[in-house]
Amino acid sequence: MNAAQPAQPAGTTAPAPAVQSEPATPAAPCAPEDVRRVACVGAGVIGGGWVAHFLARGYDVTAWDPAPDAEEKLRRLVDAAWPALEQLGLAEGASPDRLTVVPTLEEAVSDAQFVQESAPEKLELKRDLLARLDAAAPAGVVIASSTSGYPMTDMQTRAEGADRLVVGHPFNPPYLIPLVEVVGGELTAPSAVGWASRFYEVAGKSVITMEREVPGFIANRLQEALWREALHMVANGEATVAEIDASITEGPGLRWACMGPMLTFALAGGEGGMAHMLDHFGPSLKAPWTRLEAPELDRELYDAVVRGCDEAADGRSIADLVAERDRGVIEVLRATGRLSGQSTQEVAK
């Protein structure tokens with residue numbers, strides 16, 4: 001907002017106001033391609049995954065988390081992720097030794113050229129933390145939140161420099177899954193959104209720059225719909241946890257790894273494409289195939305889902321499952337030619 005014009009003395013004629021434009025966001029300290037130091041605030045599963053990713057891309061990373069054992073857990077996470085990152089391919093100079101863990105938020109961001117916030121999903125916490133980050137980070141440095149669902153408009157309300165705050169929503173684990181969704185809030189400058197999107201691309205991510213805010217963004221809304229229907233099926237005894245997982249991993253999940261649901265359905269229309277598919281299958285949209293409302297997560301449903309996952313793990317630890325997942329995703333990425341530097345000939349082999 002422009003500052004209010006001073007009142008004119010009575011009986012005088014005010015001069016015609018000069019045409020003023022909205023203030024521009026201060027220029028970022030450097031171009032996205034020139035970033036060398038990243039600050040990661042919050043070092044849990046998501047924040048730690050970001051740390052591992054940025055380290056693997058050759059950045060110096062400064063991290064802060066208020067938990068007393070945060071550094072120990074963070075370094076364990078990075079060590080556990082490093083074999084997968086080596087398979088993906090490390091940037092020149094990449095090393096876990098380029099991680100520094102500091103005791104205060106202010107120290108973490110004091111010389112940062114980009115800030116990634118990954119605090120727990122609590123709106124009041126996010127509002128306060130983003131305001132603190134804005135007050136402490138160098139002028140013009142873009143600050144991104146890893147929020148899973150809050151619109152930035154709801155989170156930037158207490159920050160004086162709200163124009164540099166954006167959402168940079170990753171997927172777990174951030175060091176392995178390429179996607180990051182970028183979107184600003186009502187007070188965010190378009191230049192900050194553009195800068196963040198370009199930075200993530202330089203940092204090796206696959207970026208969707210959203211034109212408008214929507215709670216949960218894009219991918220979370222899609223996977224949430226599937227998740228809710230899965231809970232309904234378990235709650236009603238229509239399918240087991242194992243059957244639900246197998247229905248995706250042995251079915252549409254294999255297609256989705258190569259092509260999204262829209263193009264996948266378009267192929268179902270044969271030579272007629274999506275138009276034929278809609279003509280043929282459109283009436284089934286009225287069929288009671290989904291409920292699209294969250295079931296009551298009562299103790300019975302809670303226990304059934306937890307028990308089913310324990311049975312599916314079949315004695316494997318979380319670490320075993322993480323390693324298995326990482327190997328699987330890497331093989332899918334390799335098979336579909338999405339590893340950087342992989343040629344078409346290599347994929348064909």
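Just so it is clear, the structure is predicted and the values come from calculations on it, not from any experiment.

### Some thoughts on the pattern of salt bridges
Then step 1. Following the criterion strictly, the structure yields 19 salt bridges and no others.
Then step 2. Between Glu-33 and Arg-198 there is a salt bridge, with its nearest N and O atoms 2.7 Å apart. One end of the pair, Glu-33, is in the segment before β1 (37-41); the other, Arg-198, is in helix α6 (residues 190-202), and 165 residues separate them in sequence.
Then step 3. A relative accessible area of 36% means that Arg-198 is categorised as partly exposed.
Then step 4. The salt bridge involving Glu-331 is made with Arg-334; its shortest N-O contact spans 2.7 Å. Here Glu-331 and its partner Arg-334 are both found in helix α13 (residues 318-335), three residues apart, which amounts to about one turn of the helix.
Then step 5. For Glu-331, a relative accessible area of 43% puts it in the partly exposed group.
Then step 6. A single salt-bridge network, built from bridges that share partners, covers Glu-124, Arg-127, Asp-128 and Arg-158.

### As for the pairing of strand β7 (residues 179-184)
Then step 1. Here β7 lies mainly inside the structure; six of its six residues are buried.
Then step 2. Across the two faces of β7 the burial is the same, with Leu-179, Glu-181 and Val-183 and Val-180, Val-182 and Gly-184 all buried.
Then step 3. Inspection of the sheet shows strand β6 (residues 165-170) paired to β7 by five bridges, in the antiparallel sense. Across the sheet, residue Val-167 finds its bridge partner in β7, namely Val-183.
Then step 4. Relative to strand β8 (residues 206-209), β7 runs parallel, the two being bridged by four bridges. Pairing of Val-182 across the sheet is with Thr-209, part of β8.
Then step 5. Handedness of the crossover joining β7 and β8 through α6: right-handed.

### Some details on the nonpolar core
Then step 1. Of all hydrophobic cores here, the largest spans 41 residues; its most connected members are Val-51, Phe-54, Phe-114, Phe-199 and Tyr-200.
Then step 2. Counting only elements with at least two residues in this core, the list comes to β1, α1 (45-56), β2 (60-64), α2 (70-88), β7, α6 and α13.
Then step 3. Counting residues per element, this core draws most heavily on α2, which supplies seven residues.
Then step 4. In contact with Phe-199, not counting residues within four places along its chain, are Pro-32, Val-35, Val-38, Phe-54, Tyr-59 and Phe-114.
Then step 5. With 24 residues, the next largest nonpolar core counts Ala-39, Trp-64, Ala-112 and Leu-133 among its residues.

### Here's the deal with the sheet that holds β8
Then step 1. Pairing within the open sheet is mixed, and its eight strands lie in the order β3-β2-β1-β4-β5-β6-β7-β8. Both edges of this open sheet fall to β3 (99-101) and β8, since each of them pairs with a single strand only. Between one strand and the next, the sheet's axes are offset by a mean angle of 25°, whatever the strand orientation.
Then step 2. Sheet contacts for α2: β2 and β3; angle to β3, the most-contacted strand, approximately 160°.

### Thoughts on helix α7 (residues 219-235)
Since the α-helix turns once every 3.6 residues, residues separated by three or four places project in the same direction.
Then step 1. The terminal C-alpha atoms of α7, which comprises 17 residues, lie 24 Å apart, in line with the 24 Å expected from a rise of 1.5 Å per residue.
Then step 2. Within the span of α7, buried status applies to Ala-219, Asn-220, Glu-229, Ala-230, Leu-231, His-232 and Val-234.
Then step 3. In this structure, the buried side of α7 is in contact with β6, β7, α8 (241-249) and α12 (299-313).
Then step 4. Looking one or two residues beyond α7, the residue adopting positive phi is Gly-237, at roughly 70°.

### So, the environment of Tyr-302
Then step 1. Mapped onto the fold, Tyr-302 is located in helix α12.
Then step 2. By relative accessible area, Tyr-302 is classed as partly exposed at 41%.
Then step 3. Separated by 68 residues in sequence, Tyr-302 and Val-234 place their C-alpha atoms 9.8 Å apart.

### Examining a nonpolar patch on the surface
Then step 1. Taken together, the side chains of Ile-208, Ile-218 and Leu-222 present a nonpolar region at the surface, about 250 Å² in accessible area.
Then step 2. For Ile-218, the position within the fold is in the loop between β8 and α7.

### Quick word on the packing of α2 against α13
Then step 1. At a minimum axis separation of 11 Å, α2 and α13 run at an interaxial angle of 10°. Classified by the angle their axes make, α2 and α13 are roughly parallel. Contacts between α2 and α13 involve Ala-84, Gln-87 and Leu-88 on the former and, on the latter, Asp-326, Ile-330, Leu-333 and Arg-334.
Then step 2. Class assignment for the residues of the contact of α2 with α13 results in four nonpolar, one polar and two charged.

### So, the confidence of the model for the chain
Then step 1. Counting all residues, the mean pLDDT for the chain is 88, and 89% of those residues have values of 70 or more.
Then step 2. In this model residues 1-24 is a low-confidence stretch, pLDDT under 50, and it forms eight contacts with partners more than four residues away in sequence or in other chains.

### Considerations on α6
Then step 1. Taking 1.5 Å of rise per residue, 13 residues should cover 18 Å, and α6 covers 19 Å from first to last C-alpha, within 8% of that figure.
Then step 2. Inspection of α6 places Ala-192, Val-193, Trp-195, Ala-196, Ser-197, Phe-199 and Tyr-200 among the buried residues, and these make up the whole buried set.
Then step 3. Where α6 terminates, the next one or two residues include Gly-204, which has phi positive at roughly 90°.

Rules of the game
- Residues numbered from 1 in each chain as written.
- Predicted model: local features only at pLDDT ≥ 70, side-chain atom pairs only at ≥ 80, totals over all residues.
- Heavy atoms only, no water.
- Salt bridge = Lys/Arg side-chain N within 4 Å of Asp/Glu carboxyl O.
- Helix = DSSP H or I, 4+ residues; strand = E, 2+ residues; numbered from the N terminus.
- Buried < 20%, exposed > 50% of the residue type's maximum accessible area, 1.4 Å probe, protein only.
- Pairing = 2+ DSSP bridges.
- Right-handed = clockwise from strand over helix to strand, strands pointing away.
- Core = buried A, V, L, I, M, F, W, Y, C linked by side-chain atoms within 4.5 Å.
- Contact = heavy atoms within 4.5 Å.
- Axes fitted to C-alpha atoms, helices over the stretch in contact; angles between N-to-C directions.
- Expected span 1.5 Å × (residues − 1).
- Patch = residues over 30% accessible without salt bridge, like charges linked within 9 Å, V, L, I, M, F, W, Y side chains within 5 Å.
- Areas by Shrake-Rupley, 256 points an atom, 1.4 Å probe, with all protein chains shown as cover.
- Parallel < 35°, antiparallel > 145°, perpendicular 65-115°, else oblique.
- Nonpolar A, V, L, I, M, F, W, Y, C, P; charged D, E, K, R; others polar.
- pLDDT = per-residue confidence, 0-100.

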